[in-house]
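# Understanding the architecture of this molecule
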Amino acid sequence: MKYCPHCSASLTLRTPEGDNRARYCCDSCNAILYQNPKNVVGVLPVYGDKILLCKRAIEPRKGKWTLPAGFMENGESSLEGAIRETKEEAGAELAIKSDSLYTLFNLPTISQVYIFFRAELSNLKFSPGIESEDVSLYKESDIPWSEIAFPVVKTTIEKYFEDRRSGSFPVRMFTVRHHADRSISTELVSCSDVQTTDTNRITE
Ligand SMILES: [Zn+2]
């Protein structure tokens, strides 16, 4: 960030008085440009024993499979954003139940929070949007595990098929860290069903 969005003066990176970290500050109009984590919201769309995946038509991870998800827009709720992304990327309509919240991932290394909801597809009408090359239903045995775009998506899908076997879908929160050696670790830090608190650490 170089110029003030309010008055176009040059910005200075410094710690404002009374603050404890550096911010972009405008010494012309005194604006402080706070930068905070971004929320990414998505859906795990289910139809019978299958789930809907989108093949990415854009970078990053072009050609890899993912769940419909994207950045929240101002003025919408996390669930509204997830439904919108599913419509945009997969052309799909969802039936939302009251237990839709499913996984939450903190990604402090890249300052993002991912939230995924579980929802049934309303019907079999779906088609790739502009950000998708393909949209397809997959049963567990056909999931292209090595072609999944992001660790948060892979973890959400893995937990879903595990949970299907028990019939219980607790809400889980993870912290994902990107390490200097390019490995990524995923740690479960909270689970709404204490019986299934498998505090395992997955490293890729
Ligand atoms: Zn300014």
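Residues numbered from 1 in each chain as written. Predicted model: local features only at pLDDT ≥ 70, side-chain atom pairs only at ≥ 80, totals over all residues.

### Some words on the overall build of the protein
Just so we agree on the cut-off: Only DSSP runs of H or I reaching four residues or more are called helices, and only runs of E reaching two or more are called strands; each is numbered from the N terminus. Labels follow a simple rule on C-beta atoms placed from the backbone: if 20 or more others lie within 10 Å of a residue's own, it is buried; if 12 or fewer, it is exposed; otherwise it is partly exposed. Whether two residues are in contact depends on their C-beta atoms, placed from the backbone: they are in contact if these lie within 7 Å.
In terms of regular secondary structure, the protein is built from 2 helices and 14 strands. Each of the three principal axes of the protein carries a C-alpha extent, and together these read 60 × 40 × 35 Å. Counting every position in the protein, which comprises 204 residues, the buried fraction comes to 26%. Nonlocal contacts in the protein, meaning residues at least 24 apart in sequence, comprise 56% of its contacts between residues at least 6 apart.

### Remarks on the domain arrangement of the protein
For clarity, the cut-off: For the domains described, the bounds stem from an automatic or database domain assignment.
Splitting the protein by domain gives domain 1 (1–35) and domain 2 (38–203). A separation of 35 Å is found between the C-alpha centroids of domain 1 and domain 2.

### Quick notes on helix 2 (residues 151–166)
Heads up, the rule is: Helix span, expected: 1.5 Å multiplied by one less than the number of residues in the helix.
Given a rise of 1.5 Å per residue, 16 residues ought to cover 22 Å, and the 23 Å separating the end C-alpha atoms of helix 2 matches this to within 8%. The set of residues buried in helix 2 consists of Val152, Val153, Lys154, Thr155, Thr156, Ile157 and Lys159. At the C-terminal side of helix 2, glycine 167 shows a positive phi close to 80 degrees.

### Let's talk about the environment of glycine 70
Following the sequence through the fold, glycine 70 ends up in strand 7 (residues 69–71). Residue glycine 70 is classed as partly exposed on the basis of its C-beta count, with 17 C-beta atoms lying within 10 Å. For the pair formed by glycine 70 and valine 176, sequence separation is 106 residues and the distance between their alpha carbons is 18 Å. Setting aside its immediate chain neighbours within four residues, glycine 70 contacts Val40 and Glu85.

### Focus on the nonpolar core
The condition that has to hold: We call a set of buried Ala, Val, Leu, Ile, Met, Phe, Trp, Tyr and Cys residues a nonpolar core when their C-beta atoms link them within 7 Å.
Counting residues in each nonpolar core, the largest one holds 36 residues, and the members touching the most others are Val43, Leu52, Leu67, Tyr114, Phe116 and Val153. Those elements giving two or more residues to this core turn out to be strand 4 (38–47), strand 5 (50–56), helix 1 (78–90), strand 9 (101–107), strand 10 (112–121), helix 2 and strand 12 (172–178). Sort the elements by how many residues they give to this core and strand 10 lands first, with 6 residues. Setting aside chain neighbours within four positions, we find leucine 52 in contact with Pro45, Tyr47, Ala90, Ala92, Leu121, Phe126, Val135 and Leu137.

### A few points about unusual backbone geometry
For the bond running from glutamate 59 to proline 60, omega is -5 degrees, close enough to zero to count as cis. Here proline 60 shows up in the loop between strand 5 and strand 6 (65–66). Its identity as a non-glycine residue notwithstanding, serine 111 has a phi of 55 degrees, on the positive side. Tracing the backbone through its elements, the reader meets serine 111 in the loop between strand 9 and strand 10.

### Digging into the sheet that holds strand 2 (residues 23–26)
This is how the line gets drawn: Here a strand pair is declared whenever DSSP counts at least two bridges between the two strands.
Strands sit in the order 1-2-3 across an open sheet of 3 strands; the sheet is antiparallel. Each of the sheet's edge strands pairs with one partner strand only, and the pair in question is strand 1 (11–14) and strand 3 (32–33). As judged from the 2 bridges shared by strand 2 and strand 3, these two strands associate in the antiparallel manner. Within strand 3, the residue paired with tyrosine 24 across the bridge is leucine 33.

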